[in-house]
Amino acid sequence: MDLGALFYDLFFDYTLRTVALGSAVLGIVSGALGAYAVLRKQSLLGDAMSHAALPGIAIAFLLTGSKASLVLILGAAIAGWIGTLFIMSIVRLTRIKFDSALGLVLSVFFGFGLVLLTIIQKMPNANQAGLDKFLFGQAAALLERDVITMSILGSIAIITMMVFWKEFKLLSFDPDFGATLGFPMRLLDILLTTLIVLAIVLGLQTVGVVLMSAMIVAPAAAARQWTDRLGTMVFLSSIFGALAGIVGALLSSSIQRLPTGPTIVLCISAIVIVSLFFAPRRGLVWNWIRVRRNRGRLHIEAILEDLYSLASAHDNPEHAHSIAVLRLMSSGKGGVDKSLKTLEEQGYVRSVNSDQWALTKAGVEQAQNLMKIREGNN
Amino acid sequence: MHLDKVGSLNKGDLDMSENAIEVEDLTVAYQEKPVLWDIDLTVPEGVLMAIVGPNGAGKTTLIKAILNLVKTAAGQIKIYGKTSSDQKRLVGYVPQRGSVDWDFPTSVKDVVMMGRYGALGWIRRPGKEEQKMALSALDKVGMLQYAERQISQLSGGQQQRVFLARALVQDAQVYLMDEPFQGVDATTERAIVSLLQELRKSGKTVVVVHHDLQTVPEYFDWTALLNVRLIASGPVQEVFTEENLRLTYGGRVSFLKHNGENGVSNIGQRTG
Ligand SMILES: Nc1ncnc2c1ncn2[C@@H]1O[C@H](COP(=O)(O)OP(=O)(O)O)[C@@H](O)[C@H]1O
Ligand SMILES: [Mg+2]
């Protein structure tokens with residue numbers, strides 16, 4: 001694929017531009033609101049919502065005969081909402097736990113949606129074609145008016161989120177405390193949940209009901225790796241979502257019969273993997289380095305203290321000792337020679353002859369300091 | 001305010017005046033079995049009160065009921081004569097440390113500023129004024145140098161102090177605190193206690209769920225003994241007796257003996 005030509009098309013080709021814009025909107029909105037879903041540990045709820053939306057889409061089409069995205073999105077939103085309400089009510093009114101309620105609603109709604117889709121496919125109506133695109137998504141089928149609808153609804157969602165920023169932060173961090181301050185937390189919960197439903201249904205046409213929840217969870221999970229601030233997290237999450245959306249949609253539009261949803265999800269997965277491994281501080285690689293470094297440092301400190309305790313048996317704290325004794329004291333763990341080398345570079349020990357080592361004055365002081373710190377901690 | 005001068009001497013006057021909290025016939029049940037049963041409790045203004053009782057006695061539930069956070073099956077709760085939903089601005093809350101996710105992406109200062117959200121009202125964001133209040137509260141609890149730190153990088157005792165600072169910026173009249181000493185080292189515990197006593201001296205009412213029976217007579221001047229039912233409540237000298245402790249802690253005699261004796265002898269020293 002010629003990258004230059006792709007960029008040219010991106011700006012001047014109607015279809016590609018529509019696809020890219022739509023996917024960007026979808027990524028921004030699902031990324032931003034997904035951050036809240038993840039922080040409130042509602043990732044699975046997103047999955048249930050998107051699956052539950054399917055019968056809504058089918059019923060909206062059956063009732064109106066229209067495939068306009070506003071109509072279908074509305075149907076999806078209502079069904080997703082009812083599904084969420086079912087889950088909440090089941091948990092509140094019965095002894096069934098959250099995860100079981102979720103699985104129940106997800107499979108019942110999704111199954112019902114599939115049945116309706118099958119019925120629609122068999123209808124003698126030329127207009128029905130394409131509704132099954134809602135399963136795995138088809139960005140190439142986006143029209144300009146779909147993108148306009150998505151942009152308007154998406155802007156409403158993002159603006160509402162920003163207006164109630166402080167309230168949603170409170171809701172996500174400490175809802176009980178929020179209630180004692182006098183905020184109606186149930187109402188805020190309903191509002192935020194509605195915005196999350198909106199974010200989900202906006203993406204259904206592009207990504208499909210099966211994988212849409214990944215667009216809620218994955219950008220936020222990746223963003224969390226890079227920052228410790230809510231604002232930055234929401235922003236990064238939108239960027240990641242948009243990036244994956246655009247790249248995935250363009251790939252699937254330029255390669256025949258490649259469904260959009262899975263392609264976008266592959267892109268966002270790549271971002272997640274990179275974030276999991278390489279993000280500073282929270283990343284696995286970083287963690288691994290830190291553990292190694294700590295282990296090395298602890299070992300060095302242990303050797304220093306061993307030398308000190310050996311020497312305190314003599315009158316002279318700088319008395320030299322054999323490396324073999326140190327090896328015994330560090331209970332068979334290797335690396336004694338390496339640690340001694342490091343200590344020598346730091347000026348804490350000196351070698352008396354090839355296998356005899358002694359503390360320097362600085363070394364004695366350092367060992368005493370370390371032991372004092374240790375006692376302070378206990 | 002003249003209340004600054006109110007010491008233990010004229011506590012009698014305060015008792016005659018308004019009550020900070022009045023609980024009447026309160027019953028709470030999460031499922032069929034009540035976890036609080038017919039509680040009548042009066043907390044006079046200006047006391048520092050310990051709620052004590054065994055695990056599962058309903059201490060947390062009582063605090064949440066006063067705050068209107070749990071559904072009550074029966075009963076009335078008044079704060080300065082009105083329902084607690086009318087008096088939100090008067091009440092400060094320190095929840096149990098474990099009630100939130102400390103890995104939430106936010107800083108110490110941001111959490112403390114949440115204490116001002118109620119006064120800010122809808123939509124308005126915290127600004128310079130709120131920052132200043134947050135920093136000064138953090139200073140009071142000895143956490144100023146941690147203001148910009150991400151909250152997951154705090155020890156248990158530090159988390160507790162962040163919650164305390166958040167309650168301080170609420171500038172409430174009545175404080176309800178759920179185990180503020182949990183996971184706190186001895187030095188910090190001292191610091192928190194003197195902070196609470198300062199609050200009491202400035203006329204605030206402070207209600208604290210407390211676990212360490214031995215320190216009750218030393219730290220508090222008022223107490224409520226709770227085990228599903230209210231066993232007793234009133235001045236520590238009067239109600240913190242071995243008899244009442246036995247009623248509260250039931251069959252756990254060995255535990256009780258040790259602590260009970262200590263408590264009683266402490267009281268003896270105090271009144272003597
Ligand atoms: N959300 C809840 N749902 C059901 N039972 C609960 C809930 N919270 C507390 N309980 C039960 O209510 C009783 C009192 O709990 P709690 O008020 O937390 O006691 P305490 O704070 O004194 O340890 C316990 O038996 C506990 O298991
Ligand atoms: Mg409790």
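Participant: Before we move on, could you go through the confidence of the model for chain A and cite the residues and values that matter?
Facilitator: With 95% of its residues at a pLDDT of 70 or more, chain A shows a mean pLDDT of 87. Confidence, expressed as mean pLDDT per element, reaches its minimum in chain A at helix H1 (residues 3-12) of chain A with 70 and its maximum at helix H8 (residues 165-173) of chain A with 97.

Participant: Any chance you could break down the site of ligand 1 for me, citing the residues and the numbers?
Facilitator: Residues and elements named next belong to chain B. In the vicinity of ligand 1, the contacting residues are Tyr-30, Val-35, Pro-54, Asn-55, Gly-56, Ala-57, Gly-58, Lys-59, Thr-60 and Thr-61. Here Gly-56 contributes a backbone N or O atom positioned 2.8 Å from an oxygen atom of ligand 1. At 3.2 Å from an oxygen atom of ligand 1 is found a main-chain nitrogen or oxygen belonging to Ala-57. The element contributing the most residues to the shell around ligand 1 is helix H2 (residues 59-66), with three residues.

Participant: Describe the pattern of salt bridges, naming the residues involved and giving the relevant values.
Facilitator: Using the criterion set out here, one finds 18 salt bridges over all chains in the structure. Across the salt bridge formed by Glu-148 of chain B and Lys-109 of chain B, the nearest N and O atoms sit 3.1 Å from each other. Residue Glu-148 of chain B is located in the loop between helix H5 (128-140) and helix H6 (156-169), and its partner Lys-109 of chain B is located in helix H3 (residues 108-113); the two are separated by 39 residues in the primary sequence. Lys-109 of chain B sits in the buried class, given a relative accessible area of 11%. The network of salt bridges with common partners includes Arg-224, Asp-228, Arg-281 and Arg-282 of chain A together with Asp-103 of chain B.

Participant: Got a sec to walk through the side chain of Gln-42 of chain A? Specific residues and values, please.
Facilitator: Residue and element names in this part refer to chain A. Turning to its location among the elements, Gln-42 is positioned in the loop between helix H2 (14-39) and helix H3 (43-64). The exposure class of Gln-42 is buried, given its relative accessible area of 11%. Setting aside its immediate chain neighbours within four residues, Gln-42 contacts Ala-37 and Ile-196.

Participant: Pulling in residues and values, what's your account of the packing of aromatic side chains?
Facilitator: For the coordinates displayed, the defined rule picks out 12 aromatic pairs over all chains. Centroid distance Phe-86 of chain A to Phe-109 of chain A: 5.8 Å. Interplanar angle 85°. Geometry classified as edge-to-face. Taken together, the positions of Phe-86 of chain A in helix H4 (residues 69-93) and Phe-109 of chain A in helix H5 (residues 98-121) put the pair 23 residues apart, joining distant regions of the chain. Three or more aromatic residues joined by ring pairs make a cluster, and in this case those are Tyr-36, Phe-164, Trp-165, Phe-168 and Phe-183 of chain A together with Trp-122 of chain B. A cation sits over an aromatic face here: Lys-166 of chain A above Tyr-117 of chain B, 5.5 Å from the ring centre. One residue, Arg-166 of chain B, lies across the ring of Phe-177 of chain A, its end atom 3.5 Å from the ring centre.

Participant: Now, about the interface of chain B and chain A: what can you tell me, with residues and values included?
Facilitator: One frequent convention defines the size of an interface as the accessible area lost when the parts assemble. Every contact between the two is made by 36 residues of chain B and, on the other side, 29 residues of chain A. Taken together, the two surfaces of chain B and chain A that pack against each other cover about 2,900 Å², and 62% of this comes from carbon and sulfur. Broken down residue by residue, the surface that chain B buries against chain A is led by Phe-104, Pro-105 and Trp-122 of chain B, which jointly contribute 24%. At the surface where chain B touches chain A, the tally comes to seven salt bridges. One salt bridge connects Arg-166 of chain B with Asp-174 of chain A, and the closest N-O pair in it is separated by 2.9 Å. Linking chain B with chain A are 15 residue pairs in polar contact (both at pLDDT 80 or more). Going through the elements one at a time, H3, helix H4 (117-120) and H6 of chain B are the ones with two or more residues in the side of chain B that touches chain A. In terms of residue count, H4 of chain B provides more of the side of chain B that touches chain A than any other element does, three residues in total. Per-class residue counts for the side of chain B that touches chain A are 16 nonpolar, nine polar and 11 charged.

Participant: Outline the sheet that holds strand S3 (residues 48-52) of chain B, listing residues and values.
Facilitator: Whenever strands of a sheet pair, they do so through backbone hydrogen bonds, lying parallel or antiparallel. All names here are of chain B. Pairing in this open sheet of six strands is mixed, and the strands run S5-S6-S7-S3-S8-S9 from one edge to the other. Every other strand in the sheet has two partners, leaving strand S5 (91-94) and strand S9 (229-235) as the edge strands with one partner each. Between one strand and the next, the sheet's axes are offset by a mean angle of 15°, whatever the strand orientation. As paired elements, S3 and strand S8 (residues 222-227) share four bridges and run parallel to each other. Looking at the pairing, Ile-51 lines up with Ala-224 of S8.

Definitions and cut-offs
Residues numbered from 1 in each chain as written. Chains lettered and ligands numbered in written order. Predicted model: local features only at pLDDT ≥ 70, side-chain atom pairs only at ≥ 80, totals over all residues. Heavy atoms only, no water. pLDDT = per-residue confidence, 0-100. Helix = DSSP H or I, 4+ residues; strand = E, 2+ residues; numbered from the N terminus. Near = heavy atom within 4 Å. Polar contact = N/O pair within 3.5 Å; in protein donor to acceptor, adjacent residues only side chain to side chain. Salt bridge = Lys/Arg side-chain N within 4 Å of Asp/Glu carboxyl O. Buried < 20%, exposed > 50% of the residue type's maximum accessible area, 1.4 Å probe, protein only. Contact = heavy atoms within 4.5 Å. Phe/Tyr/Trp six-rings, centres within 6.5 Å; stacked < 30°, edge-to-face > 60°. Lys NZ or Arg CZ within 6 Å of the ring centre and 35° of its normal. Buried area = accessible area lost by both parts, 1.4 Å probe. Nonpolar A, V, L, I, M, F, W, Y, C, P; charged D, E, K, R; others polar. Pairing = 2+ DSSP bridges. Axes fitted to C-alpha atoms, helices over the stretch in contact; angles between N-to-C directions.

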